[in-house]
Each structure stands twice: as C-alpha cells, then as structure tokens.
Amino acid sequence: MNYELDLQIDQAALAVLRAANMNITIAKPTLDQSSTTVWQAFDPFESNTVTWTEDYGLYCSTIQSLADGTQIKKISDQFPASDNTNYLFDNSATFSPMAGLNPGEGIFGISNTMGYDQYPSLTFGLEQSAMVQGQLIKNPINASLVPSGFNATFEPIVTLYVWLEADSQSSSVISKISDNAIIVTFEGSITQRSLTYDPMGGQFVLN
C-alpha cells in the first residue's frame, strides 16, 4: 500500500522559515520502548511531498550512546526485512533469519550474538525508505541498544509526527518530540494526508 503526505507553506511564511534555517522534520514512532529518531528532515518549499510504502529493514550500528542528537551511522542492514521473523546478528556482522522464532505479525525481531569481546552491545532498529521531494532516502526510524546475547523486537505503526525545527538532521536520536508537532495517523483506507503550515500557531494543521 502506498502512502502520501503533502505539506503546503505559503510564500510569506516560507521566507521566514528559510531565514531561520528551519527544516521540515518527521518522526515515525514504534510501539516498543526504543528511542525515536528523526526519520526525515529536509528544506521546506511551498509544496512538499513525502511518499512511502510500509516496507521495513533492520540495521545495526556500533554507537554506544542514544543521547539526544546522536547521529546513527549504520554498519550493516537487511532491506527489506520480513515481519514475524527473528534475525540473527552474529560475528559475520550480517543479518540472517532464524527458524522457529516468530515474534508475531507486524513485529520484527533480532538476536544479538556478536561476541561480547568484540562489541559488548550494539544498536539496532528499523529503517524505512521514502521519496522526499522526488529523492529516495532510507533512514532509521528508531534505535535500541542491545547487549551481546540479548534479543529485541520492533513493532512499527503508520503514524507520523511532523514539525519544523532549526537545523534538524535525519537519522538523529530525539529524546522528546517537539511540542509543536502534529500527529498524523493513517488508518483503514486513509493513505493520503494534506497539511498546511499555520504561521500564527507555528505548526502544520490538517486540511
């Protein structure tokens, strides 16, 4: 299923936002307790379009801190990945599906068996591609620090947080969603949403 988010900004407001180095910033949360990341951050224009399908991959990173603003640097990924599948990540530094471990429909699992002597823990999460202003970009949507010998599961949902933030960066960890973010849900047959920027409120609003 294809999804689309359209964002409109009028000329006067756009001039102010660009002068302040504001980026359109989008986060896509998961139902688990892992940290959220900035999925997409990009320069605003009058008309902005983001499209995607609900296909996900798994990634691994060697970062050891999930502090606010940490930039995720992927060292390995599996795209696309299958839900209801648990993937082994071992000393080969690659993902491979494991038989007999099924985390559930819509859920992706990993088992970190990379040797403790090499990496006591690694960061894992889901990644997803989107067409942003016509450019295909694949970024993480969440991050979880998983010690060697432990498992983790990730359950994505079709919900976006959309806001404007100065100098925001894709693939960076965020500890708190901005107060001026709008929650955009896609439920049932709803696959397209249109928003317009309200300069009086400093946030996007649903059309």
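Residues numbered from 1 in each chain as written. Predicted model: local features only at pLDDT ≥ 70, side-chain atom pairs only at ≥ 80, totals over all residues. Heavy atoms only, no water.

A.B. asks: Help me out: how do you make sense of the overall build of the protein chain in this one?
C.D. replies: Along the backbone of the protein chain there are one helix and 18 strands. Against the compact-globule benchmark of 17 Å for 207 residues, the protein chain has a radius of gyration of 18 Å, which places it among compact chains. Taken along its principal axes, the extent of the C-alpha atoms in the protein chain is 55 × 35 × 25 Å. In the protein chain, buried positions account for 46% of the 207 residues. A separation of at least 24 residues holds for 66% of the contacts in the protein chain among residues at least 6 apart in sequence. (Helix = DSSP H or I, 4+ residues; strand = E, 2+ residues; numbered from the N terminus. Rg over C-alpha atoms; globule rule 2.2 N^0.38 Å. Buried < 20%, exposed > 50% of the residue type's maximum accessible area, 1.4 Å probe, protein only. Contact = heavy atoms within 4.5 Å.)

A.B. asks: Would you take a moment to explain the packing of aromatic side chains for this structure?
C.D. replies: Each aromatic ring pair is characterised by the separation of its centres together with the angle its planes make. One pass over the structure, following the stated rule, counts nine aromatic pairs. Relative to Phe186, the ring of Tyr3 has its centre 5.6 Å away and its plane inclined at 90 degrees; by these criteria the two rings are edge-to-face. With Tyr3 in strand 1 (residues 2–8) and Phe186 in the loop between strand 16 (182–185) and strand 17 (192–198), the pair connects residues that are 183 residues apart, well separated along the chain. With centroids separated by 6.1 Å and ring planes inclined at 80 degrees, the aromatic side chains of Phe95 and Phe124 adopt a geometry described as edge-to-face. Pair noted here: Phe95 is in strand 8 (residues 95–98) and Phe124 is in strand 10 (residues 121–132), with a separation of 29 residues, a long-range link. Of the two residues, Phe95 and Phe124, both sit in the buried class. Each residue in the set Tyr3, Trp39, Trp52 and Phe186 is aromatic and connected to the rest through ring pairs, giving one cluster. Positioned over the ring face of Phe45 is Arg18, at 4.9 Å from the centre of the ring. (Phe/Tyr/Trp six-rings, centres within 6.5 Å; stacked < 30°, edge-to-face > 60°. Lys NZ or Arg CZ within 6 Å of the ring centre and 35° of its normal.)

A.B. asks: Quick question: what am I supposed to make of the pattern of salt bridges here?
C.D. replies: When the charged atoms of two side chains lie near each other, side chains of opposite charge can form a pair. Counted under the stated rule, the structure contains five salt bridges. Asp77 serves as the salt-bridge partner of Lys138, at 3.2 Å between the closest nitrogen and oxygen. Placement of Lys138 in strand 11 (residues 135–140) and of Asp77 in strand 6 (residues 74–78) is noted, with a sequence separation of 61 residues between them. You can call Lys138 partly exposed: its relative accessible area is 31%. Judged by relative accessible area, Asp77 falls into the partly exposed class, the value being 33%. Note that Glu127 is salt-bridged to Lys138, the shortest N-O span being 4.0 Å. Remark: Lys138 occurs in strand 11 and Glu127 occurs in strand 10; sequence separation between them is 11 residues. (Salt bridge = Lys/Arg side-chain N within 4 Å of Asp/Glu carboxyl O.)

A.B. asks: Got a minute to help me understand the sheet that holds strand 8 in this structure?
C.D. replies: Two strands in a sheet stick together by hydrogen bonds in their backbones, pointing the same way (parallel) or opposite ways (antiparallel). The strand order across the open sheet formed by four strands is 8-7-9-13, and the pairing between neighbours is mixed. For this open sheet the edge positions go to strand 8 and strand 13 (151–154), each flanked by a neighbour on one side alone. Strand-to-strand twist in this sheet, taken as the mean axis angle between neighbours without regard to direction, amounts to 30 degrees. Bridge count between strand 7 (residues 85–89) and strand 9 (residues 108–112): five bridges; the pairing is parallel. (Pairing = 2+ DSSP bridges. Axes fitted to C-alpha atoms, helices over the stretch in contact; angles between N-to-C directions.)

All quantities given are derived from atomic positions and should not be read as evidence of function.
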